[in-house]
Amino acid sequence: MVIYLRGEDTYRVDEALRAYVGAYQRKHDPKGVSVARLDGETLDVQDLQRAVATPGLLTSRQLVVLRRLASRKKVDAADTLAALLSDHRIPAEVVLIVVEHGVPESAKRTPAVFAVLAALPPRRPKARDEDFQERFDALVGRALEQWVDEAARRRGTRLAPAARALLLGLTSGDLRRVASVPNIVLLKW
């Protein structure tokens, strides 16, 4: 199974990654021993092949998280991943999550693997063991306000519209900065 997470909203990309890794660990591997985390900038092709081919240590499933492949100068690892994907050589018991901050397939020179990943269907909530992608574009306008209201509600508080506008103005709508505002500040608003 392949999951492709990308977008300009790096906070929601990272939040989705945490949710998927957490769900995998709760279901298959509470200790996290069958989770391989690979950094695309320093990735060796053999490490990628080994991670994808190695079964889980204490479970039948293996989770491989591959981050920042687009920032790699050499395309050898990206080409290897493209070959693995196009030849369907990723075993069914492997869950591969490819994470990119930004939208690499829109860049002028980008490895072919990102076109393959971008062609994956969008996430369907009830589908199981199906490859998919999720794109997290920057929130603006009403969608941004709703996200802030929901984040405040999860923290057990409610923001007045003027307080929400002030918070968004002070943080420039950066969700990572909005999420880092302490509860005590939100309660005073």
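Residue positions within a chain follow its written sequence, with the count starting from 1. Selection of residues for local features in this predicted model requires a pLDDT of at least 70, selection of side-chain atom pairs for listing and counting requires 80 or more, and totals for whole chains, interfaces and linings are taken over all residues. Where side-chain values are given, they derive from all heavy atoms of the structure, hydrogens and water being excluded.

### Let's talk about the overall build of the protein
Only runs of H or I of at least four residues qualify as helices and only runs of E of at least two qualify as strands under DSSP, and these elements are numbered from the N terminus. Assigned secondary structure in the protein consists of 8 helices and 5 strands. Mapped in sequence order, the helices and strands of the protein form the string β-α-β-α-β-α-β-α-β-α-α-α-α. Seen through its principal axes, the protein has C-alpha atoms that stretch 55 × 40 × 30 Å. Whether a residue is buried, partly exposed or exposed follows from its accessible area with a 1.4 Å probe, protein chains only, as a fraction of its type maximum: under 20%, in between, or over 50%, in that order. Expressed as a percentage of the 189 residues in the protein, the buried residues total 45%.

### A short note on unusual backbone geometry
In this structure, Arg68 is a non-glycine residue whose phi angle is positive, near 60°. Mapped onto the fold, Arg68 is located in the loop between β3 (62–67) and α3 (76–86). Classification of Arg68 by relative accessible area gives partly exposed; the value is 37%. With a phi close to 55°, Ser172 is a non-glycine residue in the positive phi region. Tracing the backbone through its elements, the reader meets Ser172 in the loop between α6 (161–171) and α7 (175–179). Relative accessible area serves as the criterion here: at 63%, Ser172 is assigned to the exposed category.

### Quick look at the nonpolar core
Put simply, a nonpolar core is a bunch of buried Ala, Val, Leu, Ile, Met, Phe, Trp, Tyr and Cys residues held in one set by side-chain atoms that sit within 4.5 Å of each other. Within the largest apolar cluster, 26 residues are counted, with the highest numbers of intra-cluster contacts made by Leu66, Leu69, Leu81, Ile90, Val113 and Leu117. Elements with a minimum of two residues in this core: β1 (2–7), β2 (35–39), α2 (45–53), β3, α3, β4 (94–101) and α4 (113–118). Top contributing element to this core by residue count: α3, with 6 residues.

### Regarding the sheet that holds β2
DSSP calls a pair of strands paired once it identifies at least 2 bridges connecting them. Across the sheet, 5 strands lie side by side as β2-β3-β4-β1-β5; this open sheet has parallel pairing. Each of the sheet's edge strands pairs with one partner strand only, and the pair in question is β2 and β5 (132–135). Neighbour-to-neighbour, the strand axes of the sheet open up by a mean angle of 15°, direction not taken into account. Here β1 pairs with β5 via 4 bridges, running parallel. Looking across to β5, one finds that Tyr4 is bridged to Gln133. Between N-to-C directions, angles cover 0 to 180 degrees, with each direction set by a line fitted to C-alpha atoms, over the stretch in contact for helices.

### Some words on the environment of Tyr4
Within the element layout of this structure, Tyr4 appears in strand β1. Judged by its relative accessible area of 0%, Tyr4 is buried. A C-alpha to C-alpha distance of 6.5 Å links Tyr4 and Phe132, two positions 128 residues apart in sequence. Any pair of residues with heavy atoms lying within 4.5 Å of one another is described as a contacting pair. In contact with Tyr4, other than residues within four places in its own chain, are Val98, Glu100, Pro104, Glu105, Phe114, Leu117, Ala118, Leu120, Phe132, Gln133 and Glu134.

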